[in-house]
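What the coordinates show
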Amino acid sequence: MEESHVIIVISIFIATYGIIISEKIHRTTIAMFGAVIMLMLHVLSQKAAIDHIDFNTIGLLIGMMIIVGITRRTGVFEYIAIKAAKTAKGDPWKIIVLLSIVTAVASALLDNVTTILLIVPVTLVITDTLEINPIAFLIPEVLVANIGGTATLIGDPPNIMIGSAANLGFMDFIINLLPVVVIIFIVIMFILKIIYKKSLSTTEEAKQRILNMNEKIAIKNELLLKKSLGVLAITILGFVVHESFGFESATVALAGAAILLLISKVEPEEIFVEIEWPTIFFFMALFVLVGSLEEVGVIEILAEKMVNLTNGNLFITTMIILWVSAIASAFLDNIPFVATMIPLVKGIGAMSAMNITPLWWALALGACLGGNGSIVGATANVVVSGMLEKHGNRISFVDYLKIGFPLMIVSVAISSVYLIVFYL
Amino acid sequence: MRKYVNAEAMQHAMKLLQLGAKVQQFNGKMCFVEFEINGHKLEYAYNINRKNKYFLERIKPYPLPLKVFESEKDVIELIKIDMEQYKDAMKSKNIDEFIEITTEINIIQKKFEDLFLYYNISKEKADEMKEHIFKIDEIINEIQKESKRVNFLKEPDNLKTEI
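Bear in mind that the values here come from a model prediction, so they are computed numbers and not experimental data. Per-chain numbering applies: the sequence of each chain, read as written, is numbered from 1 onward. Just so you know, chain letters begin at A and ligand numbers begin at 1, following the order they were written in. It should be noted that, the model being predicted, local features are given only for residues of pLDDT at least 70 and side-chain atom pairs only at 80 or more, the latter also being counted only at that level, while totals for whole chains, interfaces and linings use all residues.

A few words now on the overall build of chain B. When helices and strands are counted, chain B shows four helices and four strands. The order of α-helices and β-strands along chain B, N terminus first, is α-β-β-β-β-α-α-α. With the radius of gyration taken over C-alpha atoms, the globule rule is written as 2.2 Å times the number of residues to the power 0.38. Whereas a compact globule of 163 residues would reach a radius of gyration of roughly 15 Å, chain B reaches 20 Å, over 25% beyond that. Out of the 163 residues in chain B, the part that is buried amounts to 8%. For helices the rule is a DSSP run of H or I covering at least 4 residues; for strands it is a run of E covering at least 2, with both sets numbered from the N terminus onward. Exposure criterion: with C-beta atoms placed from backbone coordinates, a residue whose C-beta has 20 or more other C-beta atoms within 10 Å is buried, one with 12 or fewer is exposed, and one in between is partly exposed.

What follows is the structure, encoded as structure tokens:
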């Protein structure tokens, strides 16, 4: 490959990422445009481009989107939210804790944005009923959505990509990341209590209105609920055992989706229209863009430089990946970042005698937890900010930064200690 | 965009269910139609969906719910007739008075609703209002008898024509 060719490829890659960061053009549009230019310039053939697309990631995303698309129709989230609010007897802080637990668990099993889109509307109904500012509810929810999503293979798109590329299964993520995620969750909730507890006050009348709510009428279709929850449970079980049966995680998700479509008898067209196709195409385009860098040898050069910089020291490399990923993900989209880091980590593994498994955990923790650092750090944060604004409660970049960034630093610091103690 | 709409719809449904409503939500498209006739705006809004229920409403020159249809062909047909009728009406020298009177009637209707919902009205006053309404109705019938019919696209929806 000629040097000028390499420079052109790097320029297209940087320009594409620059425009994605600037948000001047929709990220999917510009990523597809960048990927197509790579094809037009014969940086890689169409076949090679398709080979670079990780269809395990794509299949897993689509499969889970279908399952969630059907399950959300049952009203189960509304039921859980009302039940939680009633269990807390209308006490605002107790409701925040219960909804945060629900959000974290849901986020570990569904992707963060989907979780937020399901939990925020029901939370807003509760805060409206309590006549209370929803910011104190939604900030904890979005923070724990990003934290909860870190715990599993399917909880956050970076983990899906990492798991697929590194051959790490559902249980690998649970065993290695769940413990630290639980610790981070507890610490963050404790800090949030100090921040918000005093500002939460409501009237007895409002609490009574919560107790008068009927969670049972929230369930729109009981039969569909049973089918959906049954399939969701089987799918999660499938994730737990998929490696033993030699199945890829996408196979499990798509099998769950196909079964649920079959038994629910829901019109597929109505569900497929809910799939986030822009996200799916964004992923595919990113794989092609990063694949182009691999084709011209740029990733190899970067990996070599990284190994030289750290002298192949596992401790330094892990800490660099963790903190750089976290800081970068606080302000940039973590999906393209992780898409670029994956071949880099693989390259480091190929060039040194290092055991790169801790590097994968550092990348997952950094990229997922880093998203809490700023309002633009994760799509879930942007979604919450948009929904709050629509509801008449704006949260500025700085307002969020004051809470999100220190909490992100705390969670990454806990992750550092965890990695040092158990892996380095 | 769709995800925000879904989230908002979820919130609405949850609140309405708690109020005791039965809520059905389905995907559809909102259509806004605009004509400009002799400097006057004529606007309609209707909804297309797979449930074959089309809610047609005229927005301008004054808001008026028109009909719920079973087929989109009927919607276009009614807009066509309504538009033709307006085209003719716009040529009339009384068009401005017509729009002014109709707008006033709309405002009065809303005021009456407020009066009814916010105040306890005496029977005498209610009867007095009824009398005025009957008087207006009589005037409309008189004018109809005295005036020459100019539009035969279809029979009027509310006026009796067999005189």
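Let's pick the thread back up.
It is worth spelling out the overall build of chain A at this point. Scanning chain A from terminus to terminus reveals 21 helices and zero strands. For 424 residues, the compact-globule formula gives about 22 Å, and the C-alpha radius of gyration of chain A, at 22 Å, lands near that figure. Projected onto its principal axes, the C-alpha coordinates of chain A cover approximately 75 × 50 × 45 Å. For chain A, with 424 residues in total, the buried portion stands at 51%. For chain A, restricting intrachain contacts to residue pairs at least 6 apart in sequence, the fraction spanning at least 24 positions comes to 81%. With C-beta atoms placed from the backbone, a contact is any residue pair whose C-beta atoms sit within 7 Å.

Glancing now at the interface of chain A and chain B. Taken together, the contacts link 14 residues of chain A with eleven residues of chain B. Broken down by secondary-structure element, the contributors of at least two residues to the side of chain A that touches chain B are α7 (112-130) and α20 (379-390) of chain A. Ranked by residues supplied to the side of chain A that touches chain B, first place goes to α7 of chain A with six residues. Note that Gly is not counted as nonpolar here; it falls among the polar residues with everything else outside the nonpolar set of Ala, Val, Leu, Ile, Met, Phe, Trp, Tyr, Cys and Pro and the charged set of Asp, Glu, Lys and Arg. Here the side of chain A that touches chain B is composed, by residue class, of ten nonpolar, two polar and two charged.

With that settled, the discussion passes to the packing of helix α4 (residues 55-71) of chain A against helix α13 (residues 249-264) of chain A. Helix packing geometry: the angle between the two helix axes and the distance between the axes. Residues and elements named next belong to chain A. Contact geometry of α4 with α13 gives a least axis separation of 7 Å together with a crossing angle of 30 degrees. Between α4 and α13, the angle falls in the class roughly parallel. The two elements α4 and α13 cross, and the hand of that crossing is left-handed. Packed against α4, whose contacting residues are F55, N56, G59, L60, G63, M64, I66, I67 and I70, the element α13 presents S249, A250, A253, L254, G256, A257, L260, L261 and S264 at the interface. Here the contact of α4 with α13 is built from residues that sort into twelve nonpolar, six polar and no charged. Think of each axis as a best-fit line through the C-alpha atoms, taken over the contacting stretch in the case of a helix, with angles from 0 to 180 degrees between the N-to-C directions. With respect to orientation, any angle under 35 degrees is reported as roughly parallel, any angle over 145 as roughly antiparallel, any angle of 65 to 115 as roughly perpendicular, and every other angle as oblique. A crossing counts as left-handed when the near helix is turned anticlockwise from the far one by less than a right angle, and as right-handed when that turn is clockwise.

Below, the discussion takes up the confidence of the model for chain A. Note on scores: pLDDT gives the predictor's confidence for each residue, bounded by 0 and 100. Confidence in the prediction of chain A, expressed as mean pLDDT, is 91, and 100% of residues score 70 or more. When pLDDT is averaged over each element of chain A, helix α19 (residues 357-370) of chain A comes out on top at 96 and helix α16 (residues 298-310) of chain A at the bottom at 85.

Take the environment of N6 of chain B next. Structurally, the position occupied by N6 of chain B is in helix α1 (residues 2-18). With 19 residues separating them along the chain, N6 of chain B and Q25 of chain B place their C-alpha atoms 9.9 Å apart.

Here, a nonpolar core denotes buried Ala, Val, Leu, Ile, Met, Phe, Trp, Tyr and Cys residues that are linked to one another through C-beta atoms within 7 Å. Formed by 140 residues in total, the largest nonpolar core has its most connected members in I116, L286, V338, W360 and L363 of chain A. Counting residues per element, this core draws most heavily on α7 of chain A, which supplies eleven residues. When near neighbours in sequence (up to four residues on either side) are disregarded, L363 of chain A contacts I162, I321, S325, V338, M341 and V345 of chain A. Counting residues in hydrophobic clusters, the runner-up holds five residues, among them Y46, Y54, L56 and V75 of chain B.

Turning our attention to helix α18 (residues 334-351) of chain A. Here a helix's expected span is defined as the number of its residues, less one, multiplied by 1.5 Å. Its 18 residues give α18 of chain A an end-to-end C-alpha distance of 25 Å, which sits within 8% of 26 Å, the value for a rise of 1.5 Å per residue. Most of α18 of chain A is tucked away: 13 of the 18 residues are buried.

Take unusual backbone geometry next. All names here are of chain A. In this model, E23 sits at a positive phi of 60 degrees, which is unusual for a non-glycine residue. Despite not being glycine, H42 shows a phi value in the positive range, around 60 degrees. Note on placement: H42 falls in the loop between α2 (27-40) and α3 (46-52). A residue is classified by how many C-beta atoms lie within 10 Å of it, and H42, with 8 of them, is exposed.

Counting through the fold element by element, A218 of chain A comes out in the loop between α11 (204-211) and α12 (222-241). Spatially, the C-alpha atom of A218 of chain A lies 8.6 Å from that of I82 of chain A, the residues being 136 residues apart in sequence. Setting aside residues up to four positions removed in sequence, A218 of chain A forms contacts with G75, E78, Y79 and I82 of chain A together with M14 and L17 of chain B.

Here we take up the packing of α19 of chain A against helix α21 (residues 397-423) of chain A. All names here are of chain A. Contact pair α19 / α21: the axes reach a minimum separation of 10 Å and the direction vectors enclose 170 degrees. As summarised for this structure, α19 and α21 are arranged roughly antiparallel, according to the angle between their axes. In this structure, α19 uses P358, W361, A362, L365, G366, L369 and G370 to contact α21, whose residues at the interface are M408, S411, V412, S415, L419 and Y423.

A word on the confidence of the model for chain B. Predicted confidence across chain B gives a mean pLDDT of 84, with 94% of residues reaching 70 or more. No element of chain B has a lower mean pLDDT than strand β4 (residues 64-69) of chain B, which averages 71, and none a higher one than helix α4 (residues 123-146) of chain B, which averages 92.

Let's shift gears to the pairing of strand β2 (residues 40-49) of chain B. For a regular strand, side chains alternate in direction, first toward one face of the sheet and then toward the other. Residues and elements named next belong to chain B. Two strands are said to pair when DSSP picks up at least two bridges between them. In this sheet, β2 lies alongside strand β1 (residues 28-37) in antiparallel orientation, the contact comprising ten bridges. Directly across from K29, in β2, lies its bridge partner I48. Linkage of β1 to β2, two consecutive antiparallel strands, is achieved through a turn of two residues, within which N38 is found at a positive phi near 45 degrees. Here β2 runs beside strand β3 (residues 54-60); their pairing, made up of three bridges, is antiparallel.

Compared with an ideal rise of 1.5 Å per residue, which puts twelve residues at 16 Å, α20 of chain A spans 17 Å between its outermost C-alpha atoms and is within 8% of the ideal. Buried-residue contacts for α20 of chain A involve α7 and α8 (135-149) of chain A together with α1 of chain B.

A separate point is the environment of N393 of chain A. Residues and elements named next belong to chain A. Summarising the element assignment, N393 is placed in the loop between α20 and α21. For N393, a count of 15 C-beta atoms within 10 Å gives the class partly exposed. The sequence separation of N393 and L293 amounts to 100 residues, and the corresponding C-alpha distance is 43 Å. Setting aside anything within four residues of it in sequence, one finds N393 in contact with N133, P134, I135 and L388.

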